[in-house]
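An overview of the molecular structure
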Amino acid sequence: MSSLQNSIITDLKLAPEGHLKIDWVEAHMPVLGRIRKQFEAEQPFKGLKVAISLHLEAKTAYLAKVVQAGGADVTITGSNPLSTQDDVCAALVEDGVTVYAKYNPEPEEYKALMIKALETKPDLIIDDGGDLVTILHSERPDLLENVRGGAEETTTGILRLKAMDKEGKLKFPMVAVNDAYCKYLFDNRYGTGQSVWDGINRTTNLVVAGKTVVVVGYGWCGKGVAMRAKGLGANVVVTEVDAIKAVEAYMDGFRVMPMLEAAKIGDFFVTVTGNRDVIRGEHYDVMKDGAILSNAGHFDVEVNKPELKERSSSVRTVRRNIEEYQLKDGRKMYLLAEGRLVNLAAGDGHPAEIMDMTFALQALSLKYVNDCYKEIGNTVVNVPYELDEQVARFKLESLGVGIDALSAEQSAYLDSWQEH
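Attention here is on the structure that accompanies the text. It should be emphasised that the depicted structure is a prediction, and the values quoted were computed from it without experimental measurement.

**Observations concerning the overall build of the protein chain**
Helix and strand counts for the protein chain come out as 18 helices and 15 strands. Taken against the 2.2 N^0.38 rule, which gives 22 Å for 420 residues, the C-alpha radius of gyration of the protein chain at 22 Å falls within 12% of a compact globule. Structurally, the protein chain occupies a C-alpha span of about 70 × 65 × 45 Å along its principal axes. The buried share among the 420 residues of the protein chain stands at 54%. By sequence separation, contacts in the protein chain at least 24 residues apart represent 71% of the contacts at least 6 residues apart. When the accessible surface of the protein chain is totalled, it reaches about 18600 Å², and 50% of it is carbon and sulfur.

So, in structure tokens, the structure goes:
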């Protein structure tokens with residue numbers, strides 16, 4: 001059956017706008033374009049089925065087309081209900097990709113669409129947050145048989161996979177794309193840093209300069225969010241549970257304090273921890289009237305919504321992607337994008353040039369796990385350094401930037417243990 005007959009989307013008539021979006025990002029993703037040509041020639045996925053769960057917007061669509069160019073029968077679903085773009089879904093269907101995704105489906109339908117993607121019995125998967133892997137292992141082990149392995153996009157997903165691996169539950173190899181240098185140095189820092197503020201600024205239309213921004217978590221994503229907030233003129237406060245990261249934030253010029261203290265002074269809050277309840281009831285009790293809450297972690301659990309609602313007398317939508325919580329004591333708090341990923345649910349996600357590198361890593365990692373799954377075994381592995389560096393070199397070439405190379409004598413010097 002064709003992708004059109006199989007797919008579940010909102011409206012095929014939206015395809016023209018989706019094609020324009022995909023064409024735009026394709027023009028700004030030269031590294032992935034180079035890999036596409038390589039895949040077209042080599043056909044590494046010929047005869048294989050690939051299931052993808054990622055934020056389904058234009059950049060992801062181009063990755064799906066690159067994998068398809070490598071000979072794969074590609075099925076794709078979303079990884080967040082609010083980040084799926086219906087016009088992009090329609091365009092992919094016209095391009096022969098099977099799509100099971102809609103913008104903002106009910107939770108039951110959202111999960112059912114993921115399961116539909118897995119019911120194609122894929123040989124390889126690309127996951128975001130570990131949802132596909134978790135469903136396969138906990139609910140649909142009958143669909144595990146064909147899976148050779150896959151690649152995982154996010155910090156949250158890697159944490160889940162490593163927990164499974166530690167317990168000996170993982171049934172196939174997964175490549176930790178998130179842990180590649182080119183991922184966390186550029187995607188997590190520069191991509192998240194820019195796209196979070198793109199989403200917040202587009203949604204609120206409020207000034208950041210002079211405000212106090214509380215960044216909850218100082219991993220690579222938190223570093224990017226804090227850096228961009230500082231660039232916008234904000235007074236930045238960082239909260240952490242890791243002493244080393246807290247010292248780093250302090251030496252980077254930011255104030256560091258416990259969340260309960262930061263809650264009293266923050267105007268904007270951005271959570272980037274991958275953990276639950278990092279903003280919760282005790283923090284709401286001391287926040288200023290008008291505080292704006294947002295999350296840039298994968299799941300909508302970092303800002304505790306039930307405890308916010310318990311303290312509220314009413315909730316209403318005051319702008320697209322802004323919910324106003326009227327607290328019983330008269331204060332108002334504003335939650336962006338339902339506490340989901342603010343950069344994707346209320347924006348277009350990372351810039352195309354950033355995702356060019358990340359999705360190049362995804363494509364090459366998928367080929368790697370397909371080539372080596374028997375040797376890797378059922379565990380979580382890092383992206384081979386050679387692939388990581390290859391992506392960086394492709395990026396430099398696309399920018400017209402050259403670098404030096406070690407001479408034979410320099411290499412020998414560095415490799416020698418004897419007295420220099």
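**A look at the sheet that holds strand 4 (residues 124–127)**
Pairing in this open sheet of seven strands is parallel, and the strands run 3-2-1-4-5-6-15 from one edge to the other. Of all strands in the sheet, those bounded by a partner on one side alone are strand 3 (98–100) and strand 15 (380–382). Strand after strand, the sheet turns through a mean of 20 degrees between neighbouring axes, direction not considered. Judged from the five bridges that link them, strand 1 (residues 49–53) and strand 2 (residues 73–77) form a sheet pairing that is parallel. Looking at the pairing, Lys49 lines up with Asp73 of strand 2. Sitting on the sheet, helix 4 (residues 58–69) touches strand 1, strand 2 and strand 4, and the angle it makes with strand 2 is about 160 degrees.

**A short note on the pattern of salt bridges**
Enumeration over the complete set of coordinates arrives at 28 salt bridges. We note a salt bridge from Arg340 to Asp300, for which the minimum N-O separation is 3.7 Å. Residue Arg340 is found in the loop between strand 14 (332–336) and helix 15 (342–345), and its partner Asp300 is found in the loop between strand 11 (291–295) and helix 14 (305–310); the two are separated by 40 residues along the sequence.

**Observations regarding the nonpolar core**
Ranked by internal contacts, the top residues of the largest apolar core, which has 57 residues, are Leu32, Ile35 and Val99. Here this core takes eleven residues from helix 16 (residues 352–376), the largest share from any one element. Beyond its immediate stretch of four places on either side in the chain, Leu32 contacts Tyr62, Leu63, Val66, Asp356, Phe359, Ala360 and Ala363. In this structure, Ile200, Val225, Ala296 and Ala346 belong to the second largest nonpolar core, which totals 28 residues.

About the criteria used
- Residues numbered from 1 in each chain as written.
- Predicted model: local features only at pLDDT ≥ 70, side-chain atom pairs only at ≥ 80, totals over all residues.
- Heavy atoms only, no water.
- Helix = DSSP H or I, 4+ residues; strand = E, 2+ residues; numbered from the N terminus.
- Rg over C-alpha atoms; globule rule 2.2 N^0.38 Å.
- Buried < 20%, exposed > 50% of the residue type's maximum accessible area, 1.4 Å probe, protein only.
- Contact = heavy atoms within 4.5 Å.
- Areas by Shrake-Rupley, 256 points an atom, 1.4 Å probe, with all protein chains shown as cover.
- Pairing = 2+ DSSP bridges.
- Axes fitted to C-alpha atoms, helices over the stretch in contact; angles between N-to-C directions.
- Salt bridge = Lys/Arg side-chain N within 4 Å of Asp/Glu carboxyl O.
- Core = buried A, V, L, I, M, F, W, Y, C linked by side-chain atoms within 4.5 Å.

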